[in-house]
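# Overview (structure and organization)
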Amino acid sequence: MELLRKWLGHPEDIYNLLRFKMGGYRAVMPRVDPVSAGGCAGGGMQRGTRGLALAFRPARGRRHAVCIFYLVLRALDTIEDDMSIPLDVKVPMLQEFHSYLYQPEWKYMESKEKDRQVLEDFPTISMEFRNLSKVYQDVISDICHKMGVGMAEFLEKKVDSQHEWDKYCHYVAGLVGIGLSRLFSASELEDSIVGQDTELANSMGLFLQKTNIIRDYLEDQMEGREFWPREVWSRYAQKLSDLAKPENIEMAVQCLNELITNALHHVPDVLTYLSRLKNQSVFNFCAIPQVMAIATLAACYNNKQVFRGVVKIRKGQAVTLMMDATNIQAVKAIMYQYVEEIYQKIPSTDPSSNKTQQVIASIRAMSLPSSSMASRHHYSPIYLSCAMLLAALSWQYLSTLSKATEEYVQAGEN
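Values in this document were obtained by computation on a predicted structure and should not be read as measured data.

### Overview of the overall build of the protein
The number of helices and strands found in the protein is 22 helices and 0 strands. Taking as baseline every contact in the protein between residues at least 6 positions apart, the subset at least 24 positions apart corresponds to 75%.

This is the structure in structure tokens:
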């Protein structure tokens, strides 16, 4: 019944889930042959790359490079996340990880992480890496080296200033954006400027990473991780964990709003970056996570639930974003829609209200939608009535359908 009530409140989700199931997914999830999709690792590792393979459809060699890039960084990230590895072992592993790409037999069998298979089967990944063209190898190895050194740096220190927050996010996500951009240019799918403009590529990664860090406050607290910058949260609490206490909820939400405002400053760069892309598959690959992020920030803004549980966008909402974000004008309209949603929720007493309004004004200036896109969420009373009737008759079927799309939606959210 809870699912039924949710869909009655958002009947457009029913239509969009059906539209996705009945063929809308082809715009972002083209049919991919098993060899191309899973050839980078095979077996169980295919699940980890499914989102990438489905969203990225150019020729096999180019997609293969992106797939290997993902698996290499997933292996590196698994080492960073594994709290069972002593620091005196983990630090040199991270710093030297790029060299393991050229060591055919290297693997790590002691990990306790859920993604440990990428370390246990690393010889397969490194072999596929060495089979790539040298131009792709050089990009992946260079990014892997820089990321490993950066991860090691932050293992033994916390994120204090906003500058360090940007630096940490650069190491773990900005470098991914830079690496992918260089791969896009090296493959000649995109112009050279896409790979050369590292500032814009870095902003693409920072926007996603900051969104994840903001959304995952409670989960990180429960697992003993802290990524919110001390410079910000120390103005609202004595300890970061204090923000989760009910008596501190007002200050906690103000801190949350300040960090969301910080993240929104990357949106103009995101729009500029996306406006340069020419290849449709590359555009989808890059745009979908960005629109997921702005929708997530809109859901989190001024929301006490961030400190009580998990805030996520609806599956129907996510599916709609995936199908709609296929051109720059559509993305601009989506960005406009969600910053307007944030604007309507800005409390007049919020300490960051002026800064939030200013950054939203700059995003508005870049993303004024066309009349056709501005009305994309208008539904007639007759349609809404039919949708609610459909919900009452088929909510159980749609529950099964939403589960079928959950793996890909979660890949997009993350």
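More follows now that the structure is in view.
### Regarding the environment of L180
The residue L180 is located in helix 10 (residues 162-186) in this model. Along the primary structure L180 and V194 are separated by 14 residues, whereas in three dimensions their C-alpha atoms are 9.6 Å apart. Once residues lying within four places of it in the same chain are set aside, the contact partners of L180 are V66, F69 and F285.

### Comments concerning helix 12 (residues 198-215)
Taking 1.5 Å per residue, 18 residues should reach 26 Å; helix 12 reaches 26 Å between its end C-alpha atoms and fits that length. Counting buried positions over the 18 residues of helix 12 gives 15, a clear majority of the element.

### Details of the packing of helix 12 against helix 17 (residues 280-300)
Between two packed helices, both the angle of their axes relative to each other and the distance between the axes serve to describe the pair. As a packed pair, helix 12 and helix 17 sit with axes 10 Å apart at the nearest point and diverge in direction by 35 degrees. Crossing handedness for the pair helix 12 and helix 17: left-handed. Contact residues: helix 12 offers M204, F207, L208, T211, I214 and R215, while helix 17 offers C286, P289, Q290, A293, I294, T296, L297 and C300. When grouped by side-chain class, the residues that make up the contact of helix 12 with helix 17 number 10 nonpolar, 3 polar and 1 charged.

### Section: the packing of helix 15 (residues 249-264) against helix 17
Helix 17 packs onto helix 15 with a crossing angle of 160 degrees between their chain directions and a minimal axis gap of 10 Å. It follows from the interaxial angle that helix 15 and helix 17 lie roughly antiparallel. The two elements helix 15 and helix 17 meet at a crossing, and its hand is left-handed. For the pair helix 15 and helix 17, the contacting residues are L256, I260, A263 and L264 in the first and I294, L297 and C300 in the second. A per-class count over the contact of helix 15 with helix 17 returns 7 nonpolar, no polar and no charged.

### A closer look at the confidence of the model for the protein
For the protein, per-residue confidence averages 83 on the pLDDT scale, and 74% of positions sit at 70 or higher. In this model residues 371-402 is a low-confidence stretch, pLDDT under 50, and it forms 41 contacts with partners more than four residues away in sequence or in other chains.

### Brief notes about the side chain of H98
Assignment of secondary structure puts H98 in helix 6 (residues 87-100). Residue H98 is classed as buried on the basis of its relative accessible area, which comes to 17%. In terms of polar contacts, H98 uses its side chain to reach the backbone carbonyl oxygen of Q95, at 3.4 Å. Discounting chain neighbours no more than four positions away, the residues touching H98 are S141, C144 and H145.

### Points about the nonpolar core
Residues F97, W228, L243, Y273, L274 and F307 are the most contacted members of the largest nonpolar core, which totals 117 residues. Contacts of F97, omitting those with residues within four sequence positions, involve V72, A75, L76, I79, W106, L119, F122 and C144.

### Some remarks on the pattern of salt bridges
Pairing between side chains of opposite charge can happen when their charged atoms approach one another. As enumerated under the stated definition, the model contains 21 salt bridges in all. In this structure, R276 engages D197 in a salt bridge whose closest nitrogen and oxygen atoms are separated by 2.8 Å. Note that R276 is positioned in the loop between helix 16 (267-275) and helix 17 and D197 in the loop between helix 11 (192-196) and helix 12, a separation of 79 residues in sequence. Here D220 makes a salt bridge to R225, at a shortest N to O gap of 2.9 Å. Salt bridges here are not isolated pairs; linked through shared partners, they connect R74, D77, K114 and D115.

### Remarks on the packing of aromatic side chains
All told, the structure shown has 13 aromatic pairs when counted by the stated rule. Ring geometry for Y102 versus F129: centroids 5.4 Å apart, planes at 80 degrees, classification edge-to-face. With Y102 in the loop between helix 6 and helix 7 (117-120) and F129 in helix 8 (residues 122-130), the pair connects residues that are 27 residues apart, well separated along the chain. We classify Y102 as partly exposed; its relative accessible area is 40%. Of the residues examined, F129 reaches a relative accessible area of 0% and is grouped as buried. Each member of the aromatic cluster is reached from another via a ring pair, and the members are F97, Y100, W106 and F122. Over the ring of F154 we find K157; its NZ or CZ atom is 4.7 Å from the centre of that ring. Here the guanidinium or amino end of R364 rests over the ring plane of Y343, the centre of that ring lying 4.3 Å away.

### A short note on unusual backbone geometry
Within the chain, E188 stands out as a residue other than glycine whose phi angle is a positive 65 degrees. Checked against the element boundaries, E188 lands in the loop between helix 10 and helix 11. The phi dihedral of N302 is positive, around 55 degrees, even though this residue is not glycine. Residue classification places N302 among the partly exposed positions, given a relative accessible area of 30%.

### Some remarks on the side chain of T211
Locating T211 in the fold gives a position in helix 12. Here T211 falls in the buried class, since its relative accessible area comes to 3%.

### Quick word on helix 10
Within helix 10, the axis deviates most sharply at H170, by approximately 55 degrees. The positive-phi residue at the C-terminal boundary of helix 10 is E188, with phi of around 65 degrees.

### Side note on the environment of T356
Along the polypeptide, T356 turns up in helix 20 (residues 353-367). Residue classification places T356 among the buried positions, given a relative accessible area of 0%. Sequence-distant contacts of T356, defined by excluding residues within four places in its chain, comprise T261, Y301, I342 and I346.

The rules behind each value
- Residues numbered from 1 in each chain as written.
- Predicted model: local features only at pLDDT ≥ 70, side-chain atom pairs only at ≥ 80, totals over all residues.
- Heavy atoms only, no water.
- Helix = DSSP H or I, 4+ residues; strand = E, 2+ residues; numbered from the N terminus.
- Contact = heavy atoms within 4.5 Å.
- Expected span 1.5 Å × (residues − 1).
- Buried < 20%, exposed > 50% of the residue type's maximum accessible area, 1.4 Å probe, protein only.
- Axes fitted to C-alpha atoms, helices over the stretch in contact; angles between N-to-C directions.
- Left-handed = near helix turned anticlockwise from the far one by under 90°.
- Nonpolar A, V, L, I, M, F, W, Y, C, P; charged D, E, K, R; others polar.
- Parallel < 35°, antiparallel > 145°, perpendicular 65-115°, else oblique.
- pLDDT = per-residue confidence, 0-100.
- Polar contact = N/O pair within 3.5 Å; in protein donor to acceptor, adjacent residues only side chain to side chain.
- Core = buried A, V, L, I, M, F, W, Y, C linked by side-chain atoms within 4.5 Å.
- Salt bridge = Lys/Arg side-chain N within 4 Å of Asp/Glu carboxyl O.
- Phe/Tyr/Trp six-rings, centres within 6.5 Å; stacked < 30°, edge-to-face > 60°.
- Lys NZ or Arg CZ within 6 Å of the ring centre and 35° of its normal.
- Bend = angle between axes of the 7 residues up to and from the residue.

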